[in-house]
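# Examining the three-dimensional arrangement
Single-letter residue listing:
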Amino acid sequence: MEQPEQDVVTQTVSTHLPKLETTVRATSQTPGTAIFEVKNVSIYYGAFKAVTDVSLPIYENEVTAFIGSSGSGKSTVLRAFNRMNDLVQGARVDGEMTYRGADLYGKDVSATAVRRRIGMVFQKPNPFPKSIYDNVAYGPRINGIRNKARLDEIVEKSLRRAALWDEVKNRLKQSGLALSGGQAQRLCIARTIAVEPDVVLMDEPASALDPIATLAVEDLIRELKQNYTIVIVTHNMQQATRISDRTAFFSVLTDSKNDTRTGVLVEHGPTQQIFEDPRDSRTQAYVTGRMG
Amino acid sequence: MSATVQTGPATPAGPVSGLWPRRPLGDRAFQLLALLSGLLVLVILVLIAVTMSQQSTQWFTTAGWSGVFSADWDPTNNKFGAMSFVYGTAVVSVIAIAVAYPLSMGVSLLLNEVVPRRWAQPIVYVIDLLAVVPSVVWGLWGFAVFIPWLQTTIYPHVASAVNHIWILGNLFGPLNGNYVSGASFFTGGLVLAFMIVPIVTSLSREVMATVPGADKEGAYALGATRWEMIRGVVWPHSQTGIVGATLLGLGRAMGETIVVALVMGSSPTITSHLFTPGYAMPGVIANQFGEATVGEFRAALIGMGVLLFALTIVVNLTARAVVERNARRIRGSA
Ligand SMILES: Nc1ncnc2c1ncn2[C@@H]1O[C@H](COP(=O)(O)OP(=O)(O)O)[C@@H](O)[C@H]1O
Ligand SMILES: [Mg+2]
């Protein structure tokens, strides 16, 4: 993992060729397949341009962290990956976003189909007002799985993977709302992986948790990396260094003339490089300023 | 405070007066008014219950339990059994709920989750307008327009279509071979349903609006379609609240008088056939109280009022309890 990452940096710095075949051929030189390609993406909420001109790849079976000040568009970009922004009236994505070579915003692409492959965990744990079992079984059920034995198996497997099974195996019928914050968040992770997604997006999944629960979720993220590609927004830079392979730093571009604030992607690369040898002075200021 | 205190330095205010700064007159007057009117409402309620019960004792003592709850209503022969009216009220209420509940549910889901906000608002205005249509207008419309139409265009066809089908035939088939009537249990239930749909819809919408956006996003993020999201999130969250809203609607429907007096056909009958005339408690009170000047007749009608009063109070209290429990459950989850 460590060594080939260098190639990726040079590759991302150089101009991307727009043809799909190039992406496929490039695979052999990179640590993983680029599962997402983001090219010159700007995202609007109505007339307001929230982020401008973002380009970056996301690699398979890696943890990519989005860091940066609040309002720099991290969540906005993250939610573009599984088309959650579609749910916001007036939200619009400009530019090119591909998922495994396919245009995510293509005309015939269904947002629900996208979300079944690309799951999401939110900042505030949001278990449904149902039993623990039904929370986890929700996704498989909407995918048409009705067989009780099969569902039991999926629920157990997902809860085990989310490191929650031992704590809840004797009270699966209890409401998901009765869990502690950290447990509820792990339940939400179990719920997300129960549909066997390809990618898991996480928007500050630990920011509402206490330090111990946070470490438990971080351990879990490292575990999940074996099977999933993870993109995580985090406020906490130590967290980014602890769990991510690659980091993207976002910042706010303030235009005092028009009084607008737009998010930009300042730089991205292997986490170690971003924190120890940032190319951009803004990144430098951010990572040193916050880390002390 | 300022005006009263500053008036006279000569006033011996006393050392303690500063602890009791006089609140503005309007404030105190309002508090008193609120307290008095609250008490007044309670007193009036109790007085109604007590005096009504007193005036109806003759009925209960003369007829006894079996007489009161018999189906024999024949004032000229001093038979005052209330059962057919209780039955009529129960049946129209059930029909009203059975129609209003899914209708209100559908409309509120549509308005809250499907229709874009800028179109939803005008629809809400129209529905709310329905709520202010006076009930006598509903009754007149039901009598003059709805009944003739149902009697000629709808009921006969429905009745002959289901005539020999198990259960359906008993409910919607013609009575005694070919008899259906526009003025009937079913029409009463339908018109009551139209009357309570606005209030039930508006309460249901409020309940659904409390479903956390985060929960909805959670479902969508798992690849749920809008319908799957509604079934998996909006529904379990608001189910009991909507049941409560419907029960509140039921409380209204049960006591509603003019509609049942005009569109049900005013015939004390107990039958499963819904396309035949029936009679509900408020209907018989309104129609016959004018003639019931004396004795047990009068006491029986007043007694029926007491029964109805008790019934609506029970339904309303149940509804409030259900709504409150739902609200607590949702707050607990927040
Ligand atoms: N639903 C929305 N509607 C309108 N503006 C939004 C919405 N969500 C975010 N924004 C705006 O977009 C910008 C980026 O927000 P966000 O992506 O949430 O930033 P971050 O996650 O980095 O804190 C902010 O200026 C924010 O106010
Ligand atoms: Mg954010």
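Once a new chain begins, its residue numbering starts again from 1 and follows that chain's sequence as written. Chain A is the first chain written and ligand 1 is the first ligand written, with later ones labelled in order. Only residues with pLDDT of 70 or above have their local features reported here, since the model is predicted, and side-chain atom pairs are shown and tallied only from 80 upward, although totals for entire chains, interfaces and linings are computed over all residues.

## Quick notes on the overall build of chain A
Threshold: A run of DSSP states H or I qualifies as a helix once it reaches four residues; a run of E qualifies as a strand once it reaches two. Both are numbered from the N-terminal end. Using C-beta atoms placed from the backbone, we call a residue buried if 20 or more other C-beta atoms fall within 10 Å of its own, exposed if 12 or fewer do, and partly exposed for counts in between. Working definition of a contact: two residues with C-beta atoms, positioned from the backbone, lying within 7 Å.
Of regular secondary structure, chain A possesses 12 helices and 10 strands. Put simply, chain A has 292 residues, and 47% of those count as buried. A separation threshold of at least 6 residues defines the contact pool for chain A, and within that pool the share at least 24 residues apart is 70%.

## Quick look at the packing of helix H8 (residues 181-193) of chain A against helix H9 (residues 211-224) of chain A
All names here are of chain A. What counts is decided by this rule: Interaxial angle, 0 to 180 degrees, is taken between N-to-C directions of lines fitted to C-alpha atoms, where a helix line uses only the stretch in contact. Small angles under 35 degrees read as roughly parallel and large ones over 145 as roughly antiparallel, with 65 to 115 read as roughly perpendicular and the rest as oblique. The sense of a crossing depends on the near helix, which, turned anticlockwise from the far helix by less than a right angle, makes the crossing left-handed and, turned clockwise, makes it right-handed. Classification convention: Asp, Glu, Lys, Arg as charged; Ala, Val, Leu, Ile, Met, Phe, Trp, Tyr, Cys, Pro as nonpolar; all other residues, Gly among them, as polar.
In the contact formed by H8 and H9, the axes pass within 9 Å of each other and the chain directions differ by 20°. What the angle tells us is that H8 and H9 run roughly parallel. Relative to H9, the crossing made by H8 is right-handed. Where H8 abuts H9, its residues Gly181, Gly182, Gln185, Arg186 and Ile189 lie against Ala213, Ala216, Val217 and Leu220. Here the residues of the contact of H8 with H9 are counted per class, giving 5 nonpolar, 3 polar and 1 charged.

## Quick word on the site of ligand 1
Residues and elements named next belong to chain A. Let me state the cut-off plainly: A molecule or strand has a residue near it when that residue's C-beta atom, placed from backbone coordinates, lies within 6 Å of it.
In the vicinity of ligand 1 lie 13 residues, with Tyr45, Ala50, Lys74, Ser75 and Thr76 positioned nearest. Mapped by element, the contributors of at least two residues to the shell around ligand 1 are strand E2 (48-59), helix H3 (74-81) and strand E10 (260-270). Here the residues of the shell around ligand 1 sort into 4 nonpolar, 7 polar and 2 charged.

## Focus: the pairing of E10 of chain A
Residue and element names in this part refer to chain A. The condition that has to hold: Note: two strands are recorded as paired if DSSP finds a minimum of 2 bridges between them.
Taking burial as the measure, the 11 residues of E10 include 8 buried ones, the bulk of the element. Bridge count for strand E9 (residues 246-255) against E10 is 10 bridges, and the pairing is antiparallel. By the bridge assignment for E10, Val252 is matched with Gly263. Hairpin connection from E9 to E10: 4 residues lie between these consecutive antiparallel strands, with Asp259 at a positive phi of about 55°.

## Points about the pairing of E2 of chain A
All names here are of chain A. Looking at chain direction, strand E1 (residues 34-45) and E2 are connected through 8 bridges and run antiparallel. Within E2, the residue paired with Tyr45 across the bridge is Phe48. Taking the residues that link successive antiparallel strands as the turn, the E1-E2 hairpin has 2 residues, and the phi of Gly46 there is positive, at about 65°.

## Re the environment of Pro277 of chain B
All names here are of chain B. Counting through the fold element by element, Pro277 comes out in the loop between helix H10 (258-263) and helix H11 (281-288). Taking C-alpha positions, Pro277 is 5.6 Å from Met264, a pair spaced 13 residues apart along the chain. In this structure Pro277 touches Ser181, Ala183, Ser184, Met264, Gly265, Ser266, Ser267 and Thr269, once residues within four positions along its chain are discounted.

## A word on the confidence of the model for chain B
Residues and elements named next belong to chain B. Counted only if it meets this: A residue's pLDDT is the confidence the predictor assigns to it, expressed on a 0 to 100 scale.
Of all residues in chain B, 92% attain a pLDDT of 70 or more, and the chain-wide mean is 86. Of the regions scoring below 50 in pLDDT, residues 1-9 engages in 3 contacts with residues more than four places distant in sequence or in other chains. As scored by the predictor, the complex reaches a pTM of 0.76 and an ipTM of 0.83.

## A word on unusual backbone geometry
Residues and elements named next belong to chain A. The phi torsion at Arg83 lies on the positive side, around 60°, for a residue other than glycine. Positionally, Arg83 belongs in the loop between H3 and strand E4 (91-99). Using a count of 22 C-beta atoms within 10 Å as the deciding quantity, one classes Arg83 as buried. Its identity is not glycine, yet Glu204 carries a phi of approximately 45°, on the positive side.

## A word on the interface of chain B and chain A
On the chain A side, the residues contacting the 16 residues of chain B number 20 residues. Only helix H8 (213-221) and helix H9 (226-255) of chain B provide two or more residues apiece to the side of chain B that touches chain A. Top contributing element to the side of chain B that touches chain A by residue count: H8 of chain B, with 6 residues. A class-by-class count of the residues in the side of chain B that touches chain A yields 7 nonpolar, 6 polar and 3 charged.

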